[in-house]
Amino acid sequence: MTTKNTESPRVSWAAANARRLARQGLTVPIGGGPAAVTRAMAGAHAQVLSAAELSVALRLDGGATREAVRAALWTDGTLVKTFGPRGTVHLLPSADLPLWTGALSALPAGRNAMPGGVRMSEEQTDQVVAAIADALADDDLTVDELTEAIVARTGSWAGDLVMEAFQTKWPRWRQMTHTAAHRGALCFGPNRGRKVTYTNPHRLLPGFTPLAGRAALAGLVERYLYAYGPATPQHFAKWLAMPVSWAKELFGSLEGAGRTEQVGFEGGPAWVVAGDTDFAAEHPVPGVRLLPYFDAFTIASQPRTHLFAGAAYERALGGGQAGNFPVLLIDGVVAGVWHQRRGGKWLDVTVEPLGTLTAARHKELAEEVERTGEILQGTPRLTVGPVSVGAHA
């Protein structure tokens, strides 16, 4: 990968941040519904589904609520809930599933961290993924039902309760749940009461086939750079939890093919999609925003020392990990944390700014809290003061 950036355009942090905010729908709402929003975000983290609903809906136009996200997910099928970057649960556009599965299944496997008596061989992994695809081909199944179906197709070893998980033990096959999703054999179905179900994405997208790995990875890099560029291989590797050396090789191949180009950013080279070098704004983006747990903007934007400047780095990052606190944005940077608790119709929102709010900022904050209540379908009550709740695990 070359690093000649002497003639490359130079991009300031303020300009990069302003463009990211705009492309994320955090300055002007995005049209086209929840699928268009999650595409712009490069996926919405959905380990906490209510947070994902808020992340997506606050970027929609027309006063949308979380019901618009739920309808896209469970009624019209334009969204899919599955395992995305870093093996974590995400909402993704259904139409983009061939790209995502092609890319994620092509990532380096890395070392299996499971103990010797727990881990599965490559042959066993292939057997389990095939069993999952077959078992889910015609019906949504709960974890217990899917375990029975896998064991019937592979053998009792797949159901051995050997995985330590939440003060209990899970069957052996569950260590490969995200692998099955990345290979296009599994995604989430609608809950059955309080029980999670899984389904086969081929039922949602007849004829669905993951894209070829190299082409899919190139497409994913372009999606990432369009949303969060300029970015370096180190940034991309962190976003996917992959080795930096692998990301450097990938970025180098794409630059060599003319699909990306360098700009100067934060004292060194960084990359954007080829030709995507228009950074108009050179000043902070005014306004107040409340972003929920694991919002894509806070997770993917780099360098974090700029987005989480000063006291925000200590207060709003959970051990250096972005997303573990809902954050208050003022003028495009993290300026506090917040928490919401529902009780009946009431939505009690506590906001802890890291500085003094002016009367104008307090008014903007109150309006943002009202919008949050509208999205989450509760009557909001705002308290400005300390947030006692710790970081999300």
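All of the points below concern the structure found in this document. Model, not experiment: these values are computed from the prediction.

## Overview of the overall build of the protein
Secondary structure assignment for the protein yields 16 helices and 16 strands. Taking 2.2 N^0.38 as the reference for a compact globule, 393 residues should give roughly 21 Å; the C-alpha atoms of the protein span a radius of gyration of 22 Å, in line with that estimate. Scored against the burial criterion, the 393 residues of the protein give a buried share of 54%. Taking as baseline every contact in the protein between residues at least 6 positions apart, the subset at least 24 positions apart corresponds to 65%. Carbon and sulfur atoms form 53% of the exposed surface of the protein, whose accessible area is close to 16,900 Å².

## Quick word on the sheet that holds strand β8 (residues 187-192)
One open sheet holds the 3 strands; their spatial order is β5-β9-β8, and the pairing between them is antiparallel. In this open sheet, the two edge strands, each paired with only one partner strand, are β5 (141-142) and β8. Pairing of β8 with strand β9 (residues 195-199), which is carried by 4 bridges, proceeds in the antiparallel orientation. Note on β9: the bridge partner recorded for cysteine 187 is threonine 199.

## Here we look at the packing of aromatic side chains
Summed over all chains, the structure comprises 12 aromatic pairs. Both rings, one in phenylalanine 236 and one in tryptophan 239, keep their centres 5.9 Å apart while their planes meet at 35°; by these two values the pair is tilted. Taken as a pair, phenylalanine 236 and tryptophan 239 lie in helix α11 (residues 233-240) at a separation of 3 residues, close to a single helical turn. You'll find phenylalanine 236 and tryptophan 239 in the same group, each marked buried. An aromatic cluster of at least three residues, connected via ring pairs, comprises Trp100, Tyr224, Tyr228, Phe236, Trp239, Trp246, Phe251 and Trp271.

## Section: the sheet that holds strand β4 (residues 89-93)
Strand order in the open sheet formed by 3 strands is β2-β4-β3, with antiparallel pairing between adjacent strands. For this open sheet the edge positions go to β2 (44-45) and β3 (79-83), each flanked by a neighbour on one side alone. Direction of pairing for β3 relative to β4: antiparallel, over a ladder of 5 bridges. By the bridge assignment for β4, valine 80 is matched with leucine 92. Here helix α4 (residues 66-74) sits on the sheet and contacts β3 and β4; the angle it forms with β3, its principal contact strand, is near 80°.

## Observations regarding unusual backbone geometry
A cis amide bond links glycine 229 to the next residue, proline 230, at an omega of 0°. Within the fold, proline 230 resides in the loop between α10 (213-228) and α11. For the bond from glutamine 302 to proline 303, the omega torsion is -5°, close enough to zero to count as cis. Mapped onto the fold, proline 303 is located in the loop between α13 (296-300) and α14 (304-307). The phi torsion at phenylalanine 166 lies on the positive side, around 55°, for a residue other than glycine.

## Brief notes about α10
The first and last C-alpha atoms of α10 sit 22 Å apart over 16 residues, in line with the 22 Å expected at 1.5 Å per residue. Among all positions of α10, only Ala216, Leu217, Ala218, Gly219, Leu220, Val221, Tyr224, Leu225, Ala227 and Tyr228 are buried.

## Things to note about the pattern of salt bridges
As enumerated under the stated definition, the model contains 22 salt bridges in all. A salt bridge links aspartate 160 to arginine 172, with the nearest nitrogen and oxygen atoms 3.0 Å apart. Pair noted here: aspartate 160 is in the loop between α7 (143-154) and β6 (161-165) and arginine 172 is in the loop between β7 (168-171) and α8 (177-182), with a separation of 12 residues, a long-range link. Notably, a salt bridge pairs arginine 361 with aspartate 331, separated by 2.5 Å at the nearest N-O pair. Highlighted residues: arginine 361 in helix α16 (residues 359-376) and aspartate 331 in the loop between β13 (327-330) and β14 (333-343), separated in sequence by 30 residues. Assessed through its relative accessible area of 19%, arginine 361 is described here as buried. Shared partners join several salt bridges into a network, and the residues in it are Arg19, Arg23 and Asp276.

## Side note on helix α6 (residues 122-135)
For α6, which comprises 14 residues, the first-to-last C-alpha distance of 20 Å matches the rise-based estimate of 20 Å (1.5 Å per residue) to within 8%. All of the buried residues along α6 are Thr125, Val128, Val129, Ala131, Ile132 and Ala135. The arc enclosing the buried residues of α6, seen along the axis, measures out at 160°, which places them on a common side. Away from the buried face of α6 by more than 90 degrees, exposed residues Glu122 and Glu123 are located. Close packing links the buried residues of α6 with β5, α7 and α8.

## Focus on the side chain of glutamate 368
Considering the arrangement of structural elements, one finds glutamate 368 in helix α16. On the basis of relative accessibility, which here comes to 10%, the residue glutamate 368 falls in the buried class. Residues contacting glutamate 368, with those up to four places away along its chain left out, are Val288, Arg289 and Leu290.

Rules used in this analysis
- Each chain has its residues counted from 1, following the order in which its sequence is written.
- Side-chain atom pairs in this predicted model are given and counted only at pLDDT of 80 or more, local residue features only at pLDDT of at least 70, and totals for whole chains, interfaces and linings cover all residues.
- Excluded from the side-chain calculation are hydrogens and water; included are all heavy atoms of the structure.
- Put simply, DSSP marks the helices as runs of H or I at least four residues long and the strands as runs of E at least two long, and each gets a number from the N terminus on.
- With the radius of gyration taken over C-alpha atoms, the globule rule is written as 2.2 Å times the number of residues to the power 0.38.
- Between buried and exposed lies partly exposed: a residue is buried under 20% and exposed over 50% of the maximum accessible area for its type, with that area taken using a 1.4 Å probe on protein chains only.
- Any two residues whose heavy atoms approach within 4.5 Å are treated as being in contact.
- Surface exposure here means Shrake-Rupley accessible area, sampled with a 1.4 Å probe, where a residue is shielded only by the protein chains that are shown.
- Strand pairing follows a simple DSSP-based rule, namely that at least 2 bridges must link the two strands.
- Geometry of aromatic contacts follows a simple scheme: Phe, Tyr and Trp rings, the Trp one being its six-membered ring, pair when their centres are within 6.5 Å, and the pair is stacked under 30 degrees between planes, edge-to-face over 60, tilted otherwise.
- Helix axes use the C-alpha atoms of the stretch in contact, all axes being lines fitted to C-alpha atoms, and the angles between their N-to-C directions lie in the range 0 to 180 degrees.
- To estimate how far a helix should extend, the number of its residues minus one is multiplied by 1.5 Å.
- Just to be clear on terms, a salt bridge is a Lys or Arg side-chain nitrogen sitting within 4 Å of an Asp or Glu carboxyl oxygen.
- For this quantity, the arc is that covered by the directions from the helix axis to the C-beta atoms.

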